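Examining the three-dimensional arrangement
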Amino acid sequence: QALGPLGINMIEFCKSFNAQTQHIIPETPTPVVLSAYSNRTFSFELKTPPTTWFLKRCAGIEKGSKMPGFEEAGVVGTKALYEIAKIKTNKDLVFK
C-alpha cells in the first residue's frame, strides 16, 4: 500500500526506516508492521525474516524442493536450526 494516501511524510519514514535497518545485511527480507495515525504520525515494527529464508540460506540453496516431502533440496545442521530458533524466538537478537 502506498504511504502518501495515508498522510505519512515519506521522507521522514525513509529516514527513520533506514536508521533502524542500517545494521541488517542487504537483501534480507524484513517484514514491517506499519501503523498510521490520524494526526499524520506513524510507528513501525520490524519483524524477523521468514524462517524459510534462514533455512534456504543455511542450506545454500535458492529455491526449495519442487516436491516437498519426496525430494530433498538441501541439508541444514542441528546447530543452524538452534540458531534460527533463537533468532525467531528473541527478535531483539537481530532487530533492536
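A brief structural summary. (Residues numbered from 1 in each chain as written. Predicted model: local features only at pLDDT ≥ 70, side-chain atom pairs only at ≥ 80, totals over all residues. Heavy atoms only, no water.)

Some details on the nonpolar core
The biggest cluster of nonpolar side chains holds six residues, and these are Leu 3, Ile 8, Phe 13, Phe 42, Phe 44 and Leu 46. Here this core gets three residues from one element, more than from any other, and that element is strand β2 (residues 42-46). Once residues within four sequence positions are removed from consideration, Leu 3 is found in contact with Ile 8, Met 10, Phe 13 and Leu 34. (Core = buried A, V, L, I, M, F, W, Y, C linked by side-chain atoms within 4.5 Å. Buried < 20%, exposed > 50% of the residue type's maximum accessible area, 1.4 Å probe, protein only. Helix = DSSP H or I, 4+ residues; strand = E, 2+ residues; numbered from the N terminus. Contact = heavy atoms within 4.5 Å.)

Remarks on unusual backbone geometry
A positive phi angle, close to 70°, is found at Glu 27, a residue other than glycine. Here Glu 27 lies in the loop between α1 (10-21) and β1 (32-36). Non-glycine residue Arg 40 carries a positive phi angle of around 70°. Its relative accessible area of 61% is what places Arg 40 among the exposed residues.

Focus on the environment of Asn 39
Here Asn 39 shows up in the loop between β1 and β2. Overall, the relative accessible area of 54% leaves Asn 39 in the exposed class. Taking the C-alpha atoms as reference points, Asn 39 and Ala 85, 46 residues apart in sequence, are found 38 Å from one another. At 2.6 Å, the side chain of Asn 39 and the side chain of Thr 41 are in polar contact. (Polar contact = N/O pair within 3.5 Å; in protein donor to acceptor, adjacent residues only side chain to side chain.)

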